[in-house]
Amino acid sequence: MVTAVVGANWGDEGKGKITDMLADEADIVIRFQGGANAGHTIKNQYGKFALHTLPSGVFHSSIMNIIGNGVAVSVPHIASELKDLTSRGVPEPKLMVSDRAQLVMSYHILFDTLEEARLAGKSFGSTKSGIAPFYSDKFAKIGIQVSELRDMDALREKVDGILEKKNVLLKHLYHHEELKTDDIMKELEEYKAILEPYVGDTSAYIRDALKQGKKALLEGQLGTMKDPDHGIYPMVTSSSTLAGYGAVGAGLPPREISRVIAVTKAYSSAVGAGEFVSEIFGDEAEELRRRGGDGGEYGATTGRPRRVGFYDAVASKYGCALQGATEAVLTVLDVLGYLDEIPVCTGYEIDGKVTDVFPTTTDLMKAKPVWEILPGWKCDITGIRKYEDLPENCRKYIEFIEEKIDCPIKMVSNGPAREDIILR
Ligand code: GDP
């Protein structure tokens, strides 16, 4: 049986905490897409960790953590995160990296950085982790698969070919120094040495484990709005953020994914550019940003202030539907305790017509939020463990959202710690 934990919004919904919690019951935790461009924040008995590459099961020594074939593998991140864990007392985790996954190379990061600089004011707000150049190369069939590290001679020939193309762009578009095969081969030798103990046929491992009745957890990164097909294209990420992609990015049978948990935050936040209908500005935004998350809404990867807004039920309903959510988790609800009234965006007005259907980007650009105002609960709800003990207005807020997003909210998170969770 496979459970997927995925984002219903723009990412940063608090998926890390939910995966860490559910990892307790899993035998395998799998990353299936994305790379080091986003981060989960996990707080547990060992401390507070920002994981960008390693699956959230690394804190449980019984769990097999898998970096699936769909992931953009950043070897320096794997090495530094492993070192950070063990130096802070976490037992050596069990880790496997797919031999069909591909490597994020230093030149992917270079191209990401150069392109963002070239686009200047029109940039995508990339985290400059090399993700777009990485996936472009993968689909242009000039990516480097982990398995190719087994034949360094053949790889050298391939790298010569890759650099022939890259150097034209570097020289003529970016006016940058050209790359040398020797340097790239040295980088690949380093990656090979670091990865060697972990490389394997992860898809076969997962399929075998599932046959034996083991439980796997798919750990999504970012959220529906960042999906390249179904999100706010072009301000999206370069790999699918949907639970359905878990089957592809981990190499497991789609029918096994029977539980899809969409994580949705009690207000909205987004990093980078792109449409964000329920965004708020000025002092109102500054206060929410400061009080938000755990220590403010600032990116886990970049430290950038996140854009914030009130809950967008239109985007979240779509977000849950596209994930195929069997249930939702409403997170960071504790943060809203300071508000007298809480607006919820329940419709978009586009060309004078109100809709609750999330449109394509062209229409989204014209959308204005339609608000419904709910009364606040004006108290701190952290520490409450039973749903019935929540203030009435807080329960009404949850139930209002549940109806609007058309998905049962089975868990409510009311604090950053693992135990701050209310099951319904
Ligand atoms: P992810 O990418 O979806 O895993 O999201 P993040 O790791 O960026 O999580 C968002 C932030 O919210 C982190 O700093 C978490 O510690 C914090 N967080 C998660 N759940 C809650 C919650 O219920 N209340 C509060 N106050 N913070 C939370």
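Residues numbered from 1 in each chain as written. Predicted model: local features only at pLDDT ≥ 70, side-chain atom pairs only at ≥ 80, totals over all residues. Heavy atoms only, no water.

Below, the discussion takes up the overall build of the protein chain. Within the protein chain, the secondary structure is distributed over 12 helices and 20 strands. Principal-axis analysis of the C-alpha atoms gives the protein chain an extent of 65 × 50 × 40 Å. Classification of the 424 residues of the protein chain by burial places 58% in the buried group. If you take every contact in the protein chain between residues at least 6 apart in sequence, the share linking residues at least 24 apart comes to 76%. Working note: accessible area of the protein chain is about 17600 Å², and carbon and sulfur atoms make up 51% of it. (Helix = DSSP H or I, 4+ residues; strand = E, 2+ residues; numbered from the N terminus. Buried < 20%, exposed > 50% of the residue type's maximum accessible area, 1.4 Å probe, protein only. Contact = heavy atoms within 4.5 Å. Areas by Shrake-Rupley, 256 points an atom, 1.4 Å probe, with all protein chains shown as cover.)

Take the site of the ligand next. The immediate surroundings of the ligand are formed by 19 residues, with Lys15, Gly16, His40, Thr41 and Ser413 found nearest. At 3.0 Å from an oxygen atom of the ligand is found a main-chain nitrogen or oxygen belonging to Gly415. Expressed as a share of its isolated accessible area of 580 Å², the protein-covered part of the ligand is 95%. Per-element accounting of the shell around the ligand gives the leading share, three residues, to helix H1 (residues 15–23). (Near = heavy atom within 4 Å. Polar contact = N/O pair within 3.5 Å; in protein donor to acceptor, adjacent residues only side chain to side chain.)

Considering the arrangement of structural elements, one finds His60 in the loop between strand S4 (47–51) and strand S5 (64–67). Using a relative accessible area of 13% as the deciding quantity, one classes His60 as buried. Not counting the four nearest positions on each side in its chain, His60 is found in contact with Asp20, Ala23, Asp24 and Arg418.

The residue Tyr397 is located in helix H12 (residues 392–405) in this model. Measuring from C-alpha to C-alpha, the distance between Tyr397 and Pro375 comes to 8.2 Å, with 22 residues separating the pair along the chain.

Domain assignment breaks the protein chain into domain 1 (2–100 + 199–261), domain 2 (102–195) and domain 3 (263–423). Between the C-alpha centres of domain 1 and domain 2 the distance comes to 24 Å. Counting residues at the interface gives 25 residues for domain 1, matched by 19 residues for domain 2. Here domain 1 meets domain 2 over a buried area of about 1700 Å², counting both sides, of which 63% is carbon and sulfur. The partner of Arg150 in a salt bridge is Asp99, with the nearest N and O atoms 3.4 Å apart. Viewed at the interface, domain 2 and domain 1 are joined by seven residue pairs in polar contact (both at pLDDT 80 or more). Counting only elements with at least two residues in the side of domain 1 that touches domain 2, the list comes to strand S6 (72–73), helix H2 (75–87) and strand S7 (94–98). Among the elements that make up the side of domain 1 that touches domain 2, the one with the highest residue count is H2 (four residues). Partitioning the side of domain 1 that touches domain 2 into residue classes produces 12 nonpolar, 11 polar and two charged. (Domains from an automatic or database assignment. Buried area = accessible area lost by both parts, 1.4 Å probe. Salt bridge = Lys/Arg side-chain N within 4 Å of Asp/Glu carboxyl O. Nonpolar A, V, L, I, M, F, W, Y, C, P; charged D, E, K, R; others polar.)

This next bit is on the sheet that holds strand S1 (residues 2–7). Reading across from one edge, S9-S7-S5-S2-S10-S1-S11-S15-S19-S20 is the order of the 10 strands in this open sheet, with mixed pairing throughout. A strand with exactly one partner marks an edge of an open sheet, and here the two such strands are strand S9 (199–200) and strand S20 (421–423). Relative to the sheet, H12 contacts strand S15 (327–331) and strand S19 (409–413), its axis offset from that of S19 by approximately 135 degrees. (Pairing = 2+ DSSP bridges. Axes fitted to C-alpha atoms, helices over the stretch in contact; angles between N-to-C directions.)

Between helix H3 (residues 106–119) and helix H5 (residues 152–172), whose axes approach to 12 Å, the crossing angle comes to 20 degrees. When the interaxial angle is binned, H3 and H5 end up roughly parallel. By crossing handedness, the relation of H3 to H5 is classed as left-handed. Where H3 abuts H5, its residues Tyr107, Leu110, Phe111 and Leu114 lie against Ile162, Lys166, Leu169 and Leu170. Among the residues forming the contact of H3 with H5, the class breakdown is seven nonpolar, no polar and one charged. (Parallel < 35°, antiparallel > 145°, perpendicular 65-115°, else oblique. Left-handed = near helix turned anticlockwise from the far one by under 90°.)

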